[in-house]
Amino acid sequence: MRGIAAGAVAVLVALGLPGTATSARAAACANPSDPYTGPVPWGQRLVNPPRLWALTKGEGQTVAVIGTGIDKQNAQFGPGQVLGGAGTADSDCDGRGTIAAGIVGAQPANQTTFTGVAPGAKLLPLRYTESNGSSSDGGGDPGALAGAIDTAVDRGAGVILVAVPAGSDSPALGAALEHAKSRGAVVISAAAATQQGAHTYPTASKGVLAVGSTDESGAPVQSEAGDYLGIAAPGANLVSTSAGGGGAVAHRWPITDPSLAAAYVAGVAALVRSAHPELKGEEVVNRLMLTASRPPSGAHDPRRGWGMLDAYAAVSSTLPADAPGPSAAAVRSELPAVVPAAAAARPTSDVAAGVVAVGGVAAAAAAGIGVAAFRRGRRRGWRPSRFRA
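Report on the accompanying structure. (Residues numbered from 1 in each chain as written. Predicted model: local features only at pLDDT ≥ 70, side-chain atom pairs only at ≥ 80, totals over all residues. Heavy atoms only, no water.)

**Observations regarding the overall build of the chain**
Here's step 1: Assigned secondary structure in the chain consists of 10 helices and 8 strands.
Here's step 2: When the 389 residues of the chain are sorted by exposure, 57% land in the buried category.
Here's step 3: Residue pairs in contact within the chain that sit at least 24 positions apart in sequence constitute 76% of those at least 6 positions apart.
Here's step 4: As displayed, the chain has an accessible area near 14,400 Å², and 53% of this comes from carbon and sulfur atoms. (Helix = DSSP H or I, 4+ residues; strand = E, 2+ residues; numbered from the N terminus. Buried < 20%, exposed > 50% of the residue type's maximum accessible area, 1.4 Å probe, protein only. Contact = heavy atoms within 4.5 Å. Areas by Shrake-Rupley, 256 points an atom, 1.4 Å probe, with all protein chains shown as cover.)

**Remarks on the sheet that holds strand S5 (residues 209–214)**
Here's step 1: Spatial ordering of the open sheet is given by S2-S1-S3-S4-S5-S6, a layout of 6 strands whose pairing is parallel. Of all strands in the sheet, those with a lone pairing partner are strand S2 (122–127) and strand S6 (229–234), marking the two edges. Across this sheet, the average inter-strand angle for adjacent strands is 25 degrees, counted without regard to direction. (Pairing = 2+ DSSP bridges. Axes fitted to C-alpha atoms, helices over the stretch in contact; angles between N-to-C directions.)

**A word on the side chain of Thr 214**
Here's step 1: As for its position among the elements, Thr 214 is in strand S5.
Here's step 2: Sequence-distant contacts of Thr 214, that is, excluding residues within four places in its chain, are made with Trp 42, Ala 219, Pro 220, Val 221, Ala 232, Ala 233, Pro 234, Gly 235, Ala 236, Arg 304 and Met 308.

**Examining the layout of surface pockets**
Here's step 1: By volume, the second largest pocket amounts to about 380 Å³.
Here's step 2: Contributing to the lining of the second largest pocket are 16 residues, with Lys 181, Lys 206, Gly 207, Val 208 and Glu 282 lying nearest its centre.
Here's step 3: Contributions of two or more residues to the lining of the second largest pocket are made by helix H6 (171–182), strand S4 (186–190) and helix H8 (281–290).
Here's step 4: When grouped by side-chain class, the residues that make up the lining of the second largest pocket number 8 nonpolar, 4 polar and 4 charged. (1 Å grid on protein atoms, 1.4 Å probe; cavity = no way out; pocket = protein on both sides within 12 Å on 5 of 7 lines; lining within 4 Å. Points joined across faces, edges and corners; volume = space filled by probe spheres on them. Nonpolar A, V, L, I, M, F, W, Y, C, P; charged D, E, K, R; others polar.)

**Observations regarding the nonpolar core**
Here's step 1: The biggest cluster of nonpolar side chains holds 81 residues, and the ones touching the most others in it are Val 63, Ile 149, Ile 160, Leu 161, Ile 188 and Leu 288.
Here's step 2: Per element, the largest residue contribution to this core is 11 residues, and it comes from helix H7 (residues 261–275).
Here's step 3: Once residues within four sequence positions are removed from consideration, Val 63 is found in contact with Val 104, Ala 121, Lys 122, Leu 123, Leu 124, Val 159, Leu 161, Ala 266 and Ala 270. (Core = buried A, V, L, I, M, F, W, Y, C linked by side-chain atoms within 4.5 Å.)

**Topic: the environment of Asn 31**
Here's step 1: Within the secondary structure, Asn 31 is located in the loop between helix H2 (21–27) and helix H3 (42–47).
Here's step 2: Judged by relative accessible area, Asn 31 falls into the partly exposed class, the value being 41%.
Here's step 3: Once residues lying within four places of it in the same chain are set aside, the contact partners of Asn 31 are Ser 242, Ala 243 and Arg 252.

**Observations concerning helix H4 (residues 96–105)**
Here's step 1: Extensive coverage of H4 is indicated by the burial of 10 of its 10 residues.
Here's step 2: Of the residues making up H4, those classed as buried are Arg 96, Gly 97, Thr 98, Ile 99, Ala 100, Ala 101, Gly 102, Ile 103, Val 104 and Gly 105.

**Remarks on the environment of Ser 316**
Here's step 1: Along the chain, the position of Ser 316 falls in helix H9 (residues 311–316).
Here's step 2: Between the alpha carbons of Ser 316 and His 276 there is a distance of 9.5 Å; along the sequence they are 40 residues apart.
Here's step 3: Here Tyr 312 takes part through its backbone oxygen, which lies 2.6 Å from a polar atom of the side chain of Ser 316. (Polar contact = N/O pair within 3.5 Å; in protein donor to acceptor, adjacent residues only side chain to side chain.)

The following block contains the structure:
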C-alpha cells in the first residue's frame, strides 16, 4: 500500500497539487498554469473528437466524475453542464476532478486549442475524498467511494468515471458495482498504481472497464498490471481544465497522471452511448475493447489491455449486436484474424448530424474472443497513426 501512496503523492507533485494537509493550506488549493494556446495536445489529436461531432457530441448522456469535485466556474464548462443537487460538489480544492472533467466534456473555446471529448454530455461532480484526503492506502476510503457510485447510479449517470481510484477494496464497493451493473451503467477506472504489484479499486474489480495509460510513444505510464486491464488511453504530457481560475478559461499543463487515461475513455463511452442508445452497458464496454488498436502481438497486454482507444472506430463501426468481448481466457493467446471491411468515410464539418459511412467488422471467432474491428495496430504498434505535429 505504501507504493500506491508514494505514487499518489508523486502525481500530486507533478500536478502542482497539495499532498498533505499542511501543504494544502499553504498552497491554498489548486492554481492554474497559463491558459493553453499551443498546438492541439497529442492526446486530443489521438482521440480526435471533432471528427465525431457530426455524429454526436454526447448529447443526452450524464457522466459522473467521482473524485474531488469539479470547479464549475471554469469557463470551459457550459451553462448548466456541471449538474448540482443532492451529493454533488461543484468546487474542487484538489483539482484532479476538474482536470478529469475537462477531458471528458470541456467546451470548445476561442482562447485555447484544448477541448473535451464529449462537450454535449452533462457532468455530475461527486466528491468522495477531500483535497488532502489521499489516505495511507493511496486513494481514500472505498466505502465512501461506494456511496458516491450509488449516488451516481441513482442520479441516472450512464457513464461513471472514477477519477481518483482507491487503494483498497471493500464489500460495500463490490455491492455498489453490482448496483451500477444492474442499472446498465458503465463504470470506468484507471490503473493508477505506480509501484510494482500494487492494485487500485474499483479498477481491479469485476465488471469495471480498467484503463491503462501510455505516453506519446506508447510506453505505459503506470506500473499496475493485470489481466483485468481492458484498454489503454493517453496518460502523460496532457492538457486540461484547472480549478481555481476564478471564472476564466483556465488550464493545467503538462500533466502526467495515469488516472486521466480513464477520462478519455469515459468521454468516448459517452459518445458511444449517445450514438447507440440501444446498447447495454456491457455492450458499450465490448465495443470499446473490440475496436481498440491492437498491440503488435494482437494479444492482451497486462498494462495496456487489448489496445489503444480508437474513438472513431468505437462510435462508427458496425458490430453484431451480440458481439462478445475479448476473452479473459485468451489473455496469452493471439487474437484470430479478422476480415476487414471497407474503411469508414471521414465526415467533414458540414456533414449533417447522424450521417456516417461506417466500416463493418466480420466475425472470425476462436478461443471465445469473437469479433474484433480491423485495425492497423499490428503494423504500427502502439503509436497512433493520426498523431501529427
